[in-house]
Amino acid sequence: TILILDFGSQYSHLITRRCRELSVYAELMPCTQKIKDLTWKPKGIILSGSPYSVYDDGAPHVDPSIFDLGVPVLGICYGLQEIAWNLGGEVAKCDHREYGFAQVEVIKTSNPLVDLLFKGIETDMQVWMSHGDQLSQIPTDFYVIGKTTTAPYAAIAHKTRPFWGIQFHPEVTHSLRGKEVISRFVLDITNCRANWTMETFIGKEIARIRDICGEKGQVIGAVSGGVDSSVAAKLMHEAIGDRFHAVLVDNGVLRENEAAQVKEMLSKDLGVNLTVIDASDLFLSRLADVEDPEKKRKIIGNTFIEVFEREAAKIEADAEKDLEERGGEAKGKIEWLLQGTLYPDVIESISFKGPSATIKTHHNVGGLLANMQLKLIEPLRELFKDEVRALGRLLSIPARLVNRHPFPGPGLAIRILGPVTRSQVKIAQKADTIYIDEIRKAGLYDQISQAFAVLLPVKAVGVMGDKRTYEQVIVLRAVQTEDFMTADWFAFPPEVLRKISSRITNEVEGVNRVTYDISSKPPGTVEWL
Ligand code: XMP
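Here the structure is a predicted model, which is why all the values come from computation and not from measurement.

Our focus in this paragraph is helix α15 (residues 494-507). Each α-helix turn comprises 3.6 residues. Residues three or four places apart therefore point the same way. Counted at 1.5 Å a residue, the expected span for α15 with its 14 residues is 20 Å, and the 20 Å between its end C-alpha atoms agrees. Considered for burial, the residues of α15 that qualify are V496, I500, R503 and I504. Seen end-on, α15 carries its buried residues on one side only, within an arc spanning 95 degrees. The exposed residues of α15 that point more than 90 degrees off its buried face are P494, E495, R498 and N506. Residues of α15 that are buried make contact with α14 (422-441), β16 (467-480) and β18 (511-516).

In structure tokens:
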């Protein structure tokens, strides 16, 4: 395992990703982690970048005992400065801050271990820089192994101990040979084994689930039809069979026919029995007249908890009744709540900076745990989204489900601007179905990270069959993104947009105009609410 110590850089999670892509397990921890408190010994340590300056009061510093562990250490950007600061070098503000591309000239030392980091890179490499400080004096016993026109110590290495520091960011794709550099460190220098694969994960995770759930406890989990909850449900089912209960709450703001389709997909393709609870009347009655997006989210979140709790009580009562009537083994109480939490959420909560400021309150089921005294089970908490998808494929979950775009918990309620009524939901559903259908037909679905239709609460004038119309407007949104933190709009071929627009205005009653959203994130967000 590689230990990545996070000093709050926006790229820290990418370092973890890159190691995982090399099939090496890597864990991110805050830079304040004390080495003596670790329950495992890392084979290598990577220090991340940071928005701080090492010489600032209150700047984060690493537990100096990492340098006595005898394991290789790689410092990236602030990480390099942190190594130098600890070992006698000097760091200062640079005259020329470097943001963006730079050319690093690689300097060989003739010491094979030292040169291993840049092995195979003979001259220059194009890298991505993002720093205002740099090394002004190299610590003693270090070589310079790379420089740029403005940074004389852009890469350094200890002469005898396994410490390397690089000013650039190898974890971002703009550093063209960054992956190679990380691979040299992780595979060649630390000698980590490349054995982190989803094949081995499945067996280990199923055993872990069986172990924690014991012989009796039952588990309940909400399924949404998205890839995370489906993969989590399939794993639970493999592990404990019908002691796992999958529940889908139809909140009235799902996609068209979604509940029925998810039920069929889960039972046919995954062998998981799903209980669908149609609570659409309750949700829609509470949403009537509500315009504020955060209020919509709260209402949906709270109502979900209420409906879900009622269902859990029913499952327990049914199990007891069944036991009385037919005897046999008691299944036990519902003790666990399954949640499809992914690693990026875990990182967010353990990051050195702490949870980032809430821009939107995303759906969470925290309330369920407190009210029902459930314990949380999160089989995907170590995984990134693409690992979940790989896992889904290994579990024979159909590609159509595995590659589905994410769909927000509050559903169409945050895609219908203004009040959410049954008639508005219908319009939004119909437009969404046509849009996604045409994207699939054009073979573009997998190139887009998320696509959906937004229904505006305003009316515009149009003309249909010689008649003046005064109807609503649909906005099409499609984005490409790596992590949904930033996103760019997708450049559709015009003929695809033409077809979508023509179908929506012809087939969806109440809409006479279709527009395409060409805002990136930032300044926009992916959703409109
Ligand atoms: P934004 O709009 O914040 O969206 O750029 C980023 C990603 O988050 C999803 N999203 C949500 N997901 N509950 C969810 O489960 C929510 O309240 C919510 N709001 C946004 C959005 O669909 C996109 O994938």
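Membership of the largest hydrophobic core comes to 50 residues, with the highest contact counts inside it found for I220, V253, Y435, I474, F492 and I504. Here this core gets 8 residues from one element, more than from any other, and that element is α14. Setting aside anything within four residues of it in sequence, one finds I504 in contact with A431, I434, I474, L476, V511 and V514. Counting residues in hydrophobic clusters, the runner-up holds 41 residues, among them W196, A233, V272 and I377.

Looking now at the sheet that holds strand β11 (residues 244-250). Reading across from one edge, β12-β11-β10-β13-β14 is the order of the 5 strands in this open sheet, with parallel pairing throughout. Whereas interior strands pair on both sides, the edge strands pair on one side only; in this sheet they are β12 (274-278) and β14 (375-377). Geometrically, the sheet is characterised by an average inter-axis angle of 30 degrees between neighbouring strands, direction not taken into account. With 3 bridges joining them, strand β13 (residues 334-338) and β14 adopt parallel strand pairing. Of the residues in β14, the one forming a bridge with L338 is I377. Along the sheet, helix α6 (residues 227-240) makes contact with β10 (218-222), β11, β13 and β14, crossing β11 at roughly 155 degrees. Against the sheet, helix α7 (residues 258-270) engages β11 and β12, with an angle of about 170 degrees to β12.

It is worth spelling out the layout of surface pockets at this point. Each pocket or cavity is described by its volume, and for the second largest pocket that value is around 530 Å³. Surrounding the second largest pocket, 25 residues form its lining, Q218, H245, I315, A319 and K331 being those nearest its centre. Taken together, the elements giving at least two residues each to the lining of the second largest pocket come down to β11 and α9 (293-326). Among the elements that line the lining of the second largest pocket, the one with the most residues is α9, at 9 residues. For the lining of the second largest pocket, the class distribution of residues is 7 nonpolar, 8 polar and 10 charged.

A few words on the side chain of Q450. Along the chain, Q450 falls in strand β15 (residues 450-464). There is a polar contact of 3.5 Å between the side chain of Q450 and the side chain of E527. Setting aside residues no more than four positions away along its own chain, Q450 makes contact with H405, P406, P408, R415, R477, A478, V479, F484, V526 and E527.

This part covers the pattern of salt bridges. Side chains that differ in sign of charge can pair as their charged atoms come close. Counted according to the given criterion, the structure contains 31 salt bridges. When the shortest N-O distance is used, the salt bridge between R422 and D281 registers 2.7 Å. Remark: D281 occurs in helix α8 (residues 280-287) and R422 occurs in helix α14; sequence separation between them is 141 residues. Among the ionic pairs, R297 bridges to E294, the shortest N-O distance being 3.1 Å. Placement of the pair is R297 and E294 together in helix α9, with a separation of 3 residues, close to one helical turn.

A word on the UniProt feature "binding site: ATP" (unreviewed entry) in the chain. According to UniProt, the "binding site: ATP" (unreviewed entry) feature falls on S224, G225, G226, V227, D228, S229 and S230. Mapped onto the secondary structure, G226 falls in the loop between β10 and α6. Judged by its relative accessible area of 21%, G226 falls in the partly exposed class. The buried category is assigned to V227, whose relative accessible area is 4%. If we ignore the near neighbours within four places in the chain, the residues touching V227 are K385, V388, R389, L401 and V402.

It is worth spelling out the packing of α6 against helix α12 (residues 385-394) at this point. In contact at an axis separation of 10 Å, α6 and α12 are set at 50 degrees when each is read in the N-to-C sense. As judged from the angle between their axes, α6 and α12 are oblique. Read as a crossing pair, α6 and α12 show a hand that is left-handed. Contacts between α6 and α12 involve V227, D228, V231 and L235 on the former and, on the latter, K385, V388, R389, L391 and G392.

Turning our eyes to something else, we now look at helix α4 (residues 178-189). When the terminal C-alpha atoms of α4 are compared, their 15 Å separation across 12 residues agrees well with the 16 Å that a helix rising 1.5 Å per residue should span. Every buried residue of α4 is accounted for by G178, V181, I182, S183, R184, F185, V186 and I189. Turning to α4, the residues buried within the fold contact β1 (2-6), α1 (12-21), β3 (44-47), β4 (73-76), β6 (124-137) and β9 (163-166). Of the residues trailing α4, N191 is marked for its positive phi of about 60 degrees.

The next thing to look at is the packing of helix α5 (residues 198-213) against α6. Running from N to C, α5 and α6 cross one another at 65 degrees; their axes reach a closest spacing of 9 Å. By crossing handedness, the relation of α5 to α6 is classed as right-handed. Contacts from F201, E205, I206, I209, R210 and C213 of α5 reach α6 at L235, M236, E238, A239 and I240. Classifying every residue of the contact of α5 with α6 gives 8 nonpolar, no polar and 3 charged.

Thresholds, definitions, all that
- Residues numbered from 1 in each chain as written.
- Predicted model: local features only at pLDDT ≥ 70, side-chain atom pairs only at ≥ 80, totals over all residues.
- Heavy atoms only, no water.
- Helix = DSSP H or I, 4+ residues; strand = E, 2+ residues; numbered from the N terminus.
- Expected span 1.5 Å × (residues − 1).
- Buried < 20%, exposed > 50% of the residue type's maximum accessible area, 1.4 Å probe, protein only.
- Arc of directions from axis to C-beta.
- Contact = heavy atoms within 4.5 Å.
- Core = buried A, V, L, I, M, F, W, Y, C linked by side-chain atoms within 4.5 Å.
- Pairing = 2+ DSSP bridges.
- Axes fitted to C-alpha atoms, helices over the stretch in contact; angles between N-to-C directions.
- 1 Å grid on protein atoms, 1.4 Å probe; cavity = no way out; pocket = protein on both sides within 12 Å on 5 of 7 lines; lining within 4 Å.
- Points joined across faces, edges and corners; volume = space filled by probe spheres on them.
- Nonpolar A, V, L, I, M, F, W, Y, C, P; charged D, E, K, R; others polar.
- Polar contact = N/O pair within 3.5 Å; in protein donor to acceptor, adjacent residues only side chain to side chain.
- Salt bridge = Lys/Arg side-chain N within 4 Å of Asp/Glu carboxyl O.
- UniProt positions renumbered as here; feature names shortened; annotations may be inferred.
- Parallel < 35°, antiparallel > 145°, perpendicular 65-115°, else oblique.
- Left-handed = near helix turned anticlockwise from the far one by under 90°.

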